[in-house]
Amino acid sequence: MNYQIQSFAEYEEVYKYSLENPEAFWAKIAGYYKWSCLWREDKVLDWNFNEPNIKWFEGGKLNITENCLDRHLETLGNKKAIIWEPNDTNEATRTFTYKQLHEEVCRFANLLKNNGAQKGDRICIYMPMVPELAIAVLACARIGAIHSVVFGGFSAASISDRIQDAQCNIVITADGAFRGAKQIPLKSIIDEALVSCSSVKKVIVLERTKGDIEMKPDRDVWWHDEIVKVTADCQAELMDAEDLLFILYTSGSTGKPKGVVHTCGGYMVYVGYTFVNVFQYQPNEIFFCTADIGWVTGHSYIIYGPLLNGATTLMFEGIPNYPDAGRLWDIVAKHRVNILYTAPTAIRSLMQSGLDFIKGKDLTTLTKLGSVGEPINEEAWSWYHEHIGRSRCPIADTWWQTETGGIMISPIVGLGVTKPGYAMFPLPGIQLVIVDDQGQEIKGNNVNGNLCIKFPWPGMLRTTYGDHERCRLNYFSTYPNFYFTGDGCLRDSDGHYRITGRVDDVLNVSGHRIGTAEVENAIDMHPDVIETAVVGYPHAIKGQGIYAFVICKQLPKDEVNTRNEILKIVIKEIGAIAKPDKIQFVNGLPKTRSGKIMRRILRKIAEGELDNIGDVTTLLDPEVVQDIKRRRL
Ligand code: WT7
């Protein structure tokens, strides 16, 4: 790619240019893509952070799948686009060349149209990590339908909230999913979710596990029955740069998850640019991102980023510790993976399994490593560097969010210095600011505060679906004129950035984002529960664990039983990923005189810092703190 940065000096130069001429900078990058009609020259960017209103490349027309697929057919038609590794080691690998993938996407796009899908429709995708998931995503994009992928670990109630919020008319799912030794009955979970979703008219079901399922006449159709009815000829729908490409639900500090909205033009330009630069992708390399497509990492760096650049992307159906903790290394060896992009949680858990699982595995093809999703502790960073990268692969610790669309702070891998635990530098076009609690910018080095961004970038969210005011309140009102990330951050004496974790009520458990309010609301549904406060605490493998302080009508007689009932409710309302690690029954919660829960105190208790609780004199009843401390788990 012509916009690949080649040296650290070039990065510095490009970065400086991008600050001084952001529109010219992004227009030039955008110019490398295939547009059916270019944006109006004076309309590269239109913005204000008050409403907010953000528009990139207005008037430009494109289809992202033409950029991911059609554009490569002539030169890379026979190159592998996707290599798929199944959950079960005895099952065969499947590969798709760019030509084959193009064909499958066109076919499935026609299938969608045959089943009533139209441009602008919202389509919910709840599928296992099989190639058909990528095909479904791209097929939606091809016909201009907006995909809303829901991670396979969410419960029926969560899916139903998301489907209702977006008013989806079609669901794409599978009979079930293989995940390690387990099977997840996706279709029956969808059936349960759809009881309260009258907007859904069609469910398209892929056969994967061959488990027993029910097909509802008129509503449910099999993928394999429908696919034979269509041709592989499907023209891409022309989309405006600012038309919606997808919605992805993510947790915030209040209320239910919100639908983060990304648009066709800006997202394309941003993920394409960041993929090829951060990972310094070279034409024949095989890129393996271990994320699930249900999260933004999978959207941006399994599907769109690699395909936009004609790369080979490896997609893995299973989990890192099945059949054993050597699985990722077996995959690297088997497919001769060059770039591995994974999460600190996976690294920490494999690290704990011991070095035996790495012994004898051929990891010599690896050239570059990446980390994403949570702060990576120094120990995990060093282990990753020494044992996986064999001390010769540079690591990119990449910081970004669902809302940012793509990577924002990261080393350009292999160029320049790195420092364990540091995401290092902003990418070109990204204008970071650190502000104090009053919103004053803290300049200079050796400082820390709240991380904000002061200028738009093409991949940023445009709104939260159906509720623009929520978008404004959440991201643009805390510190006027800035996009607020919700993260704390420090800039060291050399200007390197380190993300210190969330400063709001959002948890990051095993790299999964969970709102404390969501967990609290679920727990409060238990008939004996009066009030709950949930906080995070440091967890050796998961990064953060979930600690719930629960007031019941009276202290439960059988704590074990009540705890199990509460866990069941959380699993039902959200999914197993949100299960509290600890549930402590308390008589009261530390509250201010105005009734606000002092989470700071609960966090200290959960962390075990019992002697360092701070001032409790402003509490309504300081005695409750003693009581909670005494009975701490
Ligand atoms: C939150 C975003 C980015 C895709 C996966 C997660 C945390 C993410 C890092 C990192 C420290 C990180 C932040 C951020 N986070 N990457 N390299 N170092 N923290 O996306 O679910 O939207 O979560 O993950 O706290 O705000 P997400």
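Residues numbered from 1 in each chain as written. Predicted model: local features only at pLDDT ≥ 70, side-chain atom pairs only at ≥ 80, totals over all residues. Heavy atoms only, no water.

### Section: helix α18 (residues 623-630)
Where we set the bar: Burial classification: accessible surface area is computed with a 1.4 Å probe over protein chains only, and a residue below 20% of its type maximum counts as buried, one above 50% as exposed, and the rest as partly exposed. Only DSSP runs of H or I with at least four residues qualify as helices, and only runs of E with at least two residues qualify as strands; both kinds are numbered from the N terminus onward. This arc is built from the directions going out from the helix axis to the C-beta atoms. Here, two residues are considered to be in contact whenever any of their heavy atoms come within 4.5 Å of each other.
Every buried residue of α18 is listed here: V624, V625, D627 and I628. Taken end-on, α18 shows its buried residues confined to a sector of 160°, consistent with a single buried face. If you follow the buried residues of α18, they end up packed against β28 (543-552), β29 (582-586) and α17 (599-607).

### Re the pattern of salt bridges
Heads up, the rule is: Any Lys or Arg side-chain nitrogen located within 4 Å of an Asp or Glu carboxyl oxygen qualifies as a salt bridge.
Inspection of every chain in the model, using the stated rule, returns 37 salt bridges. The salt bridge partner of R327 is E85, with a shortest N-O separation of 2.6 Å. Residue R327 is located in helix α11 (residues 327-335), and its partner E85 is located in strand β4 (residues 80-85); the two are separated by 242 residues in the primary sequence. Exposure remark for R327: the relative accessible area of 1% places this residue in the buried category. A salt bridge links K229 to E226, with the nearest nitrogen and oxygen atoms 2.7 Å apart. A relative accessible area of 55% places K229 in the exposed class. Residue E226 is classed as buried on the basis of its relative accessible area of 9%.

### Focus: the site of the ligand
How we decide: When we say a residue is near a molecule or strand, we mean one of its heavy atoms is within 4 Å of it. Within 3.5 Å is the distance limit for a polar contact, defined as a pair of N or O atoms, with the added protein rule that one can donate a hydrogen and the other accept it, and that residues adjacent in sequence qualify only through two side-chain atoms. Accessible surface area values rest on a Shrake-Rupley calculation with a 1.4 Å probe, where residue burial reflects the displayed protein chains alone.
The full set close to the ligand counts 17 residues, and D397, T398, T402, D487 and R513 are the nearest of them. With respect to the ligand, the backbone of E374 contributes an N or O atom lying 3.4 Å from a nitrogen atom. About the coverage of the ligand: the protein hides 96% of its 550 Å² of free accessible area. Mapped by element, the contributors of at least two residues to the shell around the ligand are α10 (296-308), β20 (395-398) and β24 (497-502).

None of the figures reported here should be taken as evidence of function without further support.
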